Amino acid sequence: MAASAYTHPGADRRRHCRSIEAGRERLEDDGVQTLTSVEQTKVENIVQDVFNAYKTNHHDSQFVLQREKHFHYLKRGLRQLTDAYECLDASRPWLCYWILHGLELLEEPIPDSVASDVCQFLSHCQSPGGGFGGGPGQHPHLAPTYAAVNALCIIGTEEAYNVINREKLLEYLYSLKQLDGSFIMHIGGEVDVRSAYCAASVASLTNIITPTLFDGTAEWIARCQNWEGGIGGVPGMEAHGGYTFCGLAALVILKKEHVLNLKSLLHWVTGRQMRFEGGFQGRCNKLVDGCYSFWQAGLLPLLHRALHARGETALSMTHWMFDQQALQEYILLCCQCPAGGLLDKPGKSRDFYHTCYCLSGLSIAQHFGSGDLSHEVVLGVPENRLRPTHPVYNISPDKVVQAAMYFLKKAVPNREEEEATAAN
C-alpha cells in the first residue's frame, strides 16, 4: 500500500509515494538468541501487526495525526491531572512545558487566563535564591529551571518574562558551576551533561551569560564524547541520545561545536534510527522509543548546520541526514493513543512527556531548514503539518526570537558589583 506525503506550498511541490514496507530490515540474530534480541524481535512483531492492520483498514493510504484528540488531552492536563501523576510532584514545571509545547506545535492558542495562571504557578516554584524547583517550596534544580524558563518563553507575555529573576538566576548558575567547567544539577547534586545544557539554555534565552560563566564548559563536554561517537553523561560513560543532544545543543549555544568530532557523532546518531520500526533508539542495542524522535532526530539539524558552516559540500539542501518519512510513519502509526496523547511504542501508555517529544520529533521530520532554504515534507494529509520547533531550545523559533529580543534590551547582571555590594 502506498504512503503519500504532502509537500507544503512554497517548497518542492512533488508528491512522494513509497511502500510502507520499503527498505525495512528485521533483526538477524544469526541463530544466537539473547535477551536483547528476543525483546527486539517482540517489538518488531508488534510493529508489524500495526503495519498489517493499517494496510488492511486504510485503503486511501493516508496517515492522520489525531490533532483534536491530542489537543483535548493536553488541554485537560493543564487544569487537572489524575492520581497517576502524583509521582511527578517534583516535576510540575516539566508538565507545564510538555503541555504548552505540545499545544504550540499543534498551533492551539493558550487562553490568556490559563497563561496567567501558569505564570503565577511557576512564580511560586521560583526559589528566593534563584532557579526553579519542581513545585512550590521545593529546592531549586536545573532541570525544572530549564522547563520553567521554556514554558514562560512559550507564553511570551510581559507577565511571563517578569516572573524570571535574572539576577538571582545568574547567582544560582554560578553556585552550581564546578572548577572543571561542568555544572551540578542542584546544590549537593550530581554532575552530568544535562546540567551544562540546561544552564546554557536558560542563560542564553534570558541574556545572563557573563564572560566567565561557561569557562571550561565546552572542553568538559568534549571529554564526554566517547569512542562510539555519541556523548555520555560524564566522561567515560556510554553514549546516550538524551545526553548527546544536551551536549551538542549546549555547544551550539556556546558557538563551540568544533570541539567535537562531528563526523563520528553523525555516524553514531544515524545508526540509532531503527531499520524496521523507523523510529530511534536511545543507545546501541536498545529498543525504539518515541521520545527519541526528538532527542536523536533533533541532533541532525544541529549537525547539518555545524558541518555546513565548516564548509562540507556533500550536504543535501532539502533533507536532513535521516529517513524523515520513516520517522513520521512510526510516530503516526505506532505512537498515537486512540484517546489522544502519544506514547513510547505500541502497548505502552500515553503520557505528556512522550506527547511532547513525539510531536517535537514529528515537527523536526516535517521541516528542513528555514527561510529561503525551507523544504517541508508532511506525510499524509496536509492537516498533519505541525508548527516548526527550534532544534536547540525545542520551543517555536519565533518564541526564541521574541524572548531574545526582550531580554537583550536588559543589561547582563553585573555579578561582581552585586558581590561587592553584598560584602559591604
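All values reported here derive from a predicted model rather than from experimental measurement.

K.L.:
What is the right way to read the overall build of the protein chain from this model?
P.N.:
Scanning the protein chain from N- to C-terminus turns up 17 helices and four strands. In terms of overall size, the protein chain behaves like a compact globule, its C-alpha atoms giving a radius of gyration of 22 Å where 424 residues would be expected to give roughly 22 Å. Projecting the C-alpha coordinates of the protein chain onto the three principal axes gives extents of approximately 75 × 50 × 45 Å. Counting all 424 residues of the protein chain, 57% fall into the buried class. The long-range share in the protein chain, meaning contacts at least 24 apart out of those at least 6 apart in sequence, stands at 69%. Carbon and sulfur atoms provide 53% of the accessible area of the protein chain, an area that totals close to 18,100 Å².

K.L.:
What is the right way to look at the nonpolar core in this model?
P.N.:
Note on soluble globular proteins: their nonpolar side chains tend to be buried together. Within the largest apolar cluster, 128 residues are counted, with the highest numbers of intra-cluster contacts made by Tyr97, Leu173, Phe322 and Tyr357. Of all the elements, helix 5 (residues 142-155) adds the most residues to this core, at 11 residues. In this structure Phe322 touches Gln273, Phe280, Ala297, Leu300, Leu327, Ile364 and Ala365, once residues within four positions along its chain are discounted.

K.L.:
Explanation requested: the pattern of salt bridges in the structure shown.
P.N.:
Opposite charge on two side chains allows them to pair when their charged atoms are near. Going through the model one piece at a time under the given rule, you end up with 15 salt bridges. Between Asp398 and Arg387 there is a salt bridge, and its shortest N-O distance comes to 2.9 Å. Separated by 11 residues along the polypeptide, Asp398 in helix 16 (residues 397-408) and Arg387 in the loop between strand 4 (375-379) and helix 16 bring together distant segments of the chain. Through salt bridges with shared partners, one network takes in Glu190, Asp192 and Arg194.

K.L.:
Help me understand the side chain of Ser396, please; the structure alone is not making it clear to me.
P.N.:
With respect to the helices and strands, Ser396 occurs in the loop between strand 4 and helix 16. When sequence neighbours within four positions are dropped, the list of residues in contact with Ser396 reads Glu104, Arg387, Pro388, Thr389 and His390.

K.L.:
Sorry if this is basic, but what is going on with the state of the cysteines here?
P.N.:
Cysteine pairs can be covalently joined through their sulfur atoms, and such a bond is termed a disulfide. In total, this model carries zero disulfides according to the counting rule given. Left unpaired, Cys198 is separated from the closest cysteine sulfur, that of Cys246, by 6.1 Å.

K.L.:
Would you explain helix 2 (residues 67-79) in this entry?
P.N.:
For helix 2, built from 13 residues, the straight-helix expectation of 18 Å at 1.5 Å per residue is met to within 8% by its first-to-last C-alpha distance of 19 Å. Among all positions of helix 2, only Arg67, His70, Phe71, Tyr73, Leu74 and Gly77 are buried. Burial along helix 2 is one-sided: seen end-on, the buried residues are contained in an arc of 165 degrees. For helix 2, the elements touching its buried residues are helix 3 (92-105) and helix 15 (352-366).

K.L.:
Can you help me understand a nonpolar patch on the surface in this one?
P.N.:
Together, Val401, Met405 and Leu408 give the surface a local cluster of nonpolar side chains, amounting to about 310 Å² of exposed area. Structurally, the position occupied by Val401 is in helix 16.

K.L.:
I keep staring at the environment of Glu219 and nothing clicks. Help me out?
P.N.:
For Glu219, the location among the structural elements is in helix 9 (residues 217-223). For Glu219, a relative accessible area of 42% corresponds to the partly exposed category. For the pair Glu219 and Gly102, spaced 117 residues apart in sequence, the C-alpha to C-alpha distance is 34 Å.

K.L.:
Where do I start with the pairing of strand 4 in this structure?
P.N.:
In the case of a regular strand, side chains alternate between the two sheet surfaces. In terms of burial, strand 4 is a largely internal element, five of the five residues being buried. In the sheet, strand 3 (residues 367-368) pairs with strand 4 via two bridges, with the strands oriented antiparallel. If you follow Phe368 over to strand 4, its bridge partner there is His375. What sits between the antiparallel neighbours strand 3 and strand 4 is a turn of six residues, in which Gly369 has the positive phi angle 65 degrees.

K.L.:
What is the right way to look at the packing of helix 5 against helix 8 (residues 193-205) in this model?
P.N.:
Contact geometry of helix 5 with helix 8 gives a least axis separation of 9 Å together with a crossing angle of 35 degrees. In the packing of helix 5 onto helix 8, the handedness of the crossing is left-handed. Along its contact with helix 5, which presents Leu142, Ala143, Thr145, Tyr146, Val149, Asn150 and Cys153, the element helix 8 presents Ser195, Tyr197, Cys198, Ala199, Ser201, Val202 and Leu205.

K.L.:
Teacher, can you tell me more about helix 10 (residues 241-253) here?
P.N.:
Along an α-helix, residues three or four apart share an orientation, since each turn contains 3.6 residues. A rise of 1.5 Å per residue sets the reference length of helix 10, with its 13 residues, at 18 Å; its end C-alpha atoms lie 18 Å apart and thus fit the reference within 8%. Of all 13 residues in helix 10, 11 are buried, a share of seventy percent or more. As for helix 10, its buried residues are in contact with helix 8, helix 9, helix 11 (262-270), helix 12 (292-295) and helix 13 (299-309). After helix 10 finishes, the residue Lys255 shows a positive phi value of roughly 60 degrees.

K.L.:
Help me understand the packing of helix 14 (residues 324-334) against helix 15, please; the structure alone is not making it clear to me.
P.N.:
Helix-helix packing is described using two parameters, namely the angle between the two axes and the distance between the axes. Orientation of helix 14 relative to helix 15, taken along the N-to-C sense of each, is 150 degrees, at an axis distance of 9 Å. With respect to helix 15, the element helix 14 is oriented roughly antiparallel. In this structure, helix 14 crosses over helix 15, and the sense of that crossing is left-handed. Every residue of helix 15 that contacts helix 14 at Gln324, Leu327, Gln328, Ile331 and Leu332 is listed here: Cys358, Gly361, Leu362, Ile364, Ala365 and Gln366.

K.L.:
Help me out: how do you make sense of the environment of Phe121 in this one?
P.N.:
You can see Phe121 is positioned in helix 4 (residues 112-125). Measuring from C-alpha to C-alpha, the distance between Phe121 and Leu265 comes to 39 Å, with 144 residues separating the pair along the chain. Discounting chain neighbours no more than four positions away, the residues touching Phe121 are Arg92, Cys96 and Pro136.

K.L.:
Honestly, the packing of aromatic side chains in this entry has me stumped. Any pointers?
P.N.:
Working definition: an aromatic ring pair is given by the centre-to-centre distance plus the angle between the planes. Applying the stated rule across the entire model yields 23 aromatic pairs. Note on Phe183 and Phe214: the rings are 5.6 Å apart at their centroids and 50 degrees apart in plane angle, and the pair reads as tilted. Of this pair, Phe183 sits in the loop between helix 7 (166-176) and helix 8 while Phe214 is found in the loop between helix 8 and helix 9, placing the two residues 31 residues apart along the sequence. Residue Phe214 is classed as buried on the basis of its relative accessible area, which comes to 8%. Taking the ring centre of Phe276 as reference, the NZ or CZ of Arg26 above it sits at 5.1 Å.

What counts and how
Residues numbered from 1 in each chain as written. Predicted model: local features only at pLDDT ≥ 70, side-chain atom pairs only at ≥ 80, totals over all residues. Heavy atoms only, no water. Helix = DSSP H or I, 4+ residues; strand = E, 2+ residues; numbered from the N terminus. Rg over C-alpha atoms; globule rule 2.2 N^0.38 Å. Buried < 20%, exposed > 50% of the residue type's maximum accessible area, 1.4 Å probe, protein only. Contact = heavy atoms within 4.5 Å. Areas by Shrake-Rupley, 256 points an atom, 1.4 Å probe, with all protein chains shown as cover. Core = buried A, V, L, I, M, F, W, Y, C linked by side-chain atoms within 4.5 Å. Salt bridge = Lys/Arg side-chain N within 4 Å of Asp/Glu carboxyl O. Disulfide = S-S within 2.5 Å. Expected span 1.5 Å × (residues − 1). Arc of directions from axis to C-beta. Patch = residues over 30% accessible without salt bridge, like charges linked within 9 Å, V, L, I, M, F, W, Y side chains within 5 Å. Pairing = 2+ DSSP bridges. Axes fitted to C-alpha atoms, helices over the stretch in contact; angles between N-to-C directions. Left-handed = near helix turned anticlockwise from the far one by under 90°. Parallel < 35°, antiparallel > 145°, perpendicular 65-115°, else oblique. Phe/Tyr/Trp six-rings, centres within 6.5 Å; stacked < 30°, edge-to-face > 60°. Lys NZ or Arg CZ within 6 Å of the ring centre and 35° of its normal.

Read these as spatial facts, not as claims about activity.
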